[in-house]
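# Residue-level structure breakdown
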Amino acid sequence: DIALWQGAAIALAAMDGQRVKDHLALLIRDPDPEQRRRAACALGRLREEWGIPSLGAAVADAAARVRQQAAWALGYIPSLQAVRVLPRALRGSSSEVRKAAACSLVRLGRAPELLKVVVQQLILALDDKEQVANLAEEALCQIGPAALPQLVAALDDRRLDRASRSRVAMALRLTGWRWKSRSRA
């Protein structure tokens, strides 16, 4: 059912992009949360930057499943604009939404042109409440050696408090350890 719905959205986008944009812009504001969730999913599958403003609004939706889907979808649109929206979801009240946002940031960090901004956002998230900081730390570890230069620089960043710099040191240690042990295997 959902795969069919998403496939139809993608096919329609190929035929008449403006009609699909208009339709998805309406659906993402539908009173039914399931319709909003489906619209967020379709926007992610389309992977088009024009969907980011709608997904950004959906990250603040009343329904956690819609917020989670929007955070997930943003991870498939390699854009600086998407990276800048995700920290809102990373700091949300739902653990599933936070996980989706962290996974999306890791996914976006694989794009070389976005890596620096993604790592910067994750380092800033180390300064947040514990569950957000833990997710950011894990995401930095998943990004791996590419995050190391910025982590090293963050150790001396006096804008971060002592606890945040300690988390940076832990992320640095874990990242180096994980990747070192993977390269030996």
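Now for a quick tour of the structure. (Residues numbered from 1 in each chain as written. Predicted model: local features only at pLDDT ≥ 70, side-chain atom pairs only at ≥ 80, totals over all residues. Heavy atoms only, no water.)

If you tally the helices and strands in the protein chain, you get 11 helices and 0 strands. Reading the secondary structure of the protein chain in the N-to-C direction produces α-α-α-α-α-α-α-α-α-α-α. Within the protein chain, buried positions represent 47% of all 185 residues. Within the protein chain, residue pairs in contact and separated by at least 24 positions form 63% of the contacts whose partners lie at least 6 positions apart. (Helix = DSSP H or I, 4+ residues; strand = E, 2+ residues; numbered from the N terminus. Buried < 20%, exposed > 50% of the residue type's maximum accessible area, 1.4 Å probe, protein only. Contact = heavy atoms within 4.5 Å.)

Here helix α3 (residues 33–46) contains 14 residues, and its C-alpha end-to-end distance of 20 Å stays within 8% of the 20 Å for a straight helix at 1.5 Å per residue. With respect to burial, α3 is a largely interior element, 10 of its 14 residues being buried. Where α3 is concerned, the buried positions are R36, R37, R38, A39, A40, C41, A42, L43, G44 and L46. Here α3 starts with a cap whose side-chain oxygen sits 3.0 Å from the backbone nitrogen of E34, and that cap is D32. (Expected span 1.5 Å × (residues − 1). Polar contact = N/O pair within 3.5 Å; in protein donor to acceptor, adjacent residues only side chain to side chain.)

Looking now at the environment of R45. Tracing the backbone through its elements, the reader meets R45 in helix α3. Here the alpha-carbon distance between R45 and I77, two residues 32 residues apart in the chain, equals 8.7 Å.

Attention now moves to the nonpolar core. The nonpolar side chains of a soluble globular protein tend to be buried, and buried together. Formed by 55 residues in total, the largest nonpolar core has its most connected members in L122 and L140. Sorting elements by how many residues they give to this core places helix α8 (residues 112–125) first, with 8 residues. The residues contacting L122, other than those within four sequence positions of it, are L90, L105, A136, A139, L140 and I143. (Core = buried A, V, L, I, M, F, W, Y, C linked by side-chain atoms within 4.5 Å.)

Per the counting criterion, the structure on display carries 7 salt bridges. The partner of R65 in a salt bridge is E34, and the shortest N-O contact between them spans 3.7 Å. One end of the pair, R65, is in helix α5 (residues 64–74); the other, E34, is in helix α3, with 31 residues separating them in the sequence. The salt bridge involving E96 is made with K99; its shortest N-O contact spans 3.6 Å. Within this pair, E96 and its partner K99 are both found in helix α7 (residues 95–108), separated by 3 residues, close to a single helical turn. E96 gets classed as partly exposed once you look at its relative accessible area, which sits at 38%. (Salt bridge = Lys/Arg side-chain N within 4 Å of Asp/Glu carboxyl O.)

We now examine the packing of α3 against α5. Helix-helix packing is characterised by the crossing angle of the two axes and by the distance between the axes. At a closest axis distance of 8 Å, the pairing of α3 and α5 adopts a crossing angle of 5°. Judged on the interaxial angle alone, α5 and α3 are roughly parallel. Mapping the contact onto sequence places P33, E34, R36, R37, A40, C41 and G44 in α3 and R65, V66, Q69, A70, W72 and A73 in α5. Taken together, the residues of the contact of α3 with α5 sort by class into 7 nonpolar, 2 polar and 4 charged. (Axes fitted to C-alpha atoms, helices over the stretch in contact; angles between N-to-C directions. Parallel < 35°, antiparallel > 145°, perpendicular 65-115°, else oblique. Nonpolar A, V, L, I, M, F, W, Y, C, P; charged D, E, K, R; others polar.)

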